[in-house]
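Here's the letter readout for the chains.
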Amino acid sequence: MKTRITELFGIEHPIIQGGMHYVGFAELAAAVSSAGGLGIITGLTQRTPELLANEIRRCRELTDKPFGVNLTFLPALQSPDYPGYVRAIIEGGVKIVETAGNNPQRWLPALRDAGIKVIHKCTSVRHALKAQSIGCDAASVDGFECGGHPGEDDIPNFILLPRAADELTIPFVASGGMADGRSLVAALALGADGMNMGTRFIATKEAPVHDHVKQALVAASELDTRLIMRPLRNTERVLKNAAVERVLAKEKSLGASIKFDDIVGDVAGAYPKIMKEGNLDAGPWSCGMVAGLIHDVPSVKELIDRIMREANEIISARLRGFASARS
Ligand SMILES: Cc1cc2nc3c(=O)[nH]c(=O)nc-3n(C[C@H](O)[C@H](O)[C@H](O)COP(=O)(O)O)c2cc1C
């Protein structure tokens, strides 16, 4: 399938695997890229720029297809060494960067000079327009359904995507709630040039996370996510568990006076315990409502081939049938 996104990134299918903390290692990124999508290594999961440089080298050994690196700019206890990470990306010869969180403007000149294409993840039309105006090449438009940080506007993709299509001139992918061929066709119908998936890619054979995590996604329904840190204006959609219930209870009891310090013990440092050790209650972990559409753990290639087959069938049979029925 050819869209502005496949052309921009030199990929076969308009499917991107978004950066995911403690999930987006070289194994997953390479599997997605080798299957014709765009795999993305999560920069900050690597604790130092040197480790990121190593992860980029590992990914290059695993695939000869293009892959990207995610750089997330979120409130952090200690500001990461962003100049070092940018250097590792440039020196590693990576040509695609997914930025997320705060405005990436400061880093764009260096990335552009190195011939790197930047796709910025946004949760609102105004942020996507800002990304376009500062020179980002594409946007990933993340609706309220998404796993991770949906922002504070709570606009689901059925509204957000056509709004983005009406306003943007740069290509964009639909992100949040995407799982299958139906998602891809819907995303294209609403004006996107492809789709970005997070949660769905965790339940794949190659995702280098504990099997407990994959099975939790298969078992979960669309009713099983919760929003935490809303009072801190750092909302995160997570799978409900004991730690999430504790955080929500604190948010309720402390009300508007809550500070990050009040919950830091419940949220910080949990990802390695969850993703590597399979201790699912070690803390909150991001998960989209799309868990309700996840029923198996295929290989990445099986998943992507299935999505493309379904999408092509929907377009050439189901939708074509409706069009001819009218004429
Ligand atoms: C476990 C997990 C960790 C994530 N970590 C990050 C991250 O570090 N940086 C980022 O930009 N997005 C992160 N995301 C968001 C994804 O890149 C993607 O935008 C989102 O999952 C899309 O929604 P979906 O889960 O409904 O597909 C994370 C998502 C999940 C599920």
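Scroll up to find the structure.
In this report, the structure presented in the accompanying data block is examined. On a predicted model such as this, the values are computed, not experimentally measured, just so you know.

Spatially, S1-S8-S7-S6-S5-S4-S3-S2 is the arrangement adopted by the 8 strands of the open sheet, whose pairing is parallel. Each edge of the open sheet is held by one strand with a lone partner, namely strand S1 (15–17) and strand S2 (39–42). Strand-to-strand twist across the sheet, computed as the mean angle between neighbouring axes with direction ignored, equals 30°. Pairing between strand S5 (residues 117–122) and strand S6 (residues 138–142): 4 bridges, direction parallel. Residue pairing in the sheet places Ile-119 in a bridge with Ala-138 of S6.

Before going further, it helps to examine the side chain of Asp-224. Tracing the backbone shows Asp-224 in the loop between helix H10 (211–219) and strand S9 (225–228). According to the relative accessible area criterion, Asp-224 is buried, its value standing at 17%. Within the local environment of Asp-224, its side chain forms a polar contact with the backbone nitrogen of Ser-221, the two atoms lying 2.8 Å apart. The residues contacting Asp-224, other than those within four sequence positions of it, are Val-238, Leu-239 and Lys-240.

Note that Val-264 resides in helix H12 (residues 260–267). Each C-alpha atom of the pair Val-264 and Val-247 lies 9.5 Å from the other, and the pair is 17 residues apart in sequence.

Time to look at H10. When H10 is considered as a whole, its buried residues turn out to be Val-213, Lys-214, Ala-216 and Leu-217. Projected down its long axis, H10 shows its buried positions confined to an angular sector of 160°, all on one face. At its buried positions, H10 is contacted by helix H9 (199–202), strand S10 (236–239) and helix H13 (271–276).

Let us now look at the site of the ligand. Near the ligand, the surroundings consist of 23 residues, among which Gly-19, Lys-121, Gly-177, Gly-198 and Thr-199 are the closest. At 3.1 Å, a side-chain N or O of Asn-70 approaches an oxygen atom of the ligand. Between an oxygen atom of the ligand and a main-chain N or O atom of Gly-177, the distance comes to 2.8 Å. Protein contact buries 94% of the 610 Å² of open area that the ligand shows by itself. Of all the secondary structure elements, the ones that give two or more residues to the shell around the ligand are strand S3 (67–73), strand S8 (195–197) and H9. Residues of the shell around the ligand, tallied by class, amount to 7 nonpolar, 14 polar and 2 charged.

Together, Met-1, Ile-315, Leu-319 and Phe-322 make up an exposed nonpolar region whose accessible area comes to about 330 Å². Inspection of the secondary structure assignment puts Leu-319 in helix H14 (residues 300–326). Looking at Leu-319, the relative accessible area reads 37%, which means it is partly exposed.

Criteria and thresholds
Residue numbers run consecutively from 1 along every chain, following the written order of its sequence. Local features in this predicted model are restricted to residues of pLDDT 70 or higher, and side-chain atom pairs are both shown and tallied only at a pLDDT of 80 or more, whereas totals for entire chains, interfaces and linings draw on every residue. Side-chain numbers come from the whole structure's heavy atoms, not from hydrogens or water. Pairing between two strands requires that DSSP report at least two bridges joining them. Going along the chain from the N terminus, every DSSP run of H or I of four or more residues is numbered as a helix, and every run of E of two or more is numbered as a strand. Between the N-to-C directions of two axes lies an angle of 0 to 180 degrees, each axis being a line fitted to C-alpha atoms and, for a helix, fitted only over the stretch in contact. Burial classes follow relative accessibility: with a 1.4 Å probe on protein chains only, a residue under 20% of its type's maximum area counts as buried, one over 50% as exposed, and anything between as partly exposed. Two N or O atoms count as a polar contact when they lie within 3.5 Å, although within protein this holds only if one can serve as hydrogen donor and the other as acceptor, and sequence-adjacent residues are included solely when both atoms are side-chain atoms. Only heavy atoms enter the contact rule, under which two residues are in contact if any of them lie within 4.5 Å. What the arc describes is the spread of directions from the helix axis to the C-beta atoms. We call a residue near a molecule or strand when any one of its heavy atoms sits within 4 Å of it. In short, Shrake-Rupley with a 1.4 Å probe defines the accessible areas, and a residue's cover is counted only from the protein chains shown. Charged means Asp, Glu, Lys or Arg here, nonpolar means Ala, Val, Leu, Ile, Met, Phe, Trp, Tyr, Cys or Pro, and polar covers whatever is left, Gly included. By definition, no residue in a patch forms a salt bridge, and every one has over 30% relative accessible area; like charges are joined within 9 Å, nonpolar side chains (Val, Leu, Ile, Met, Phe, Trp, Tyr) within 5 Å. Salt bridge, as applied in this entry: a Lys or Arg side-chain nitrogen positioned within 4 Å of an Asp or Glu carboxyl oxygen.

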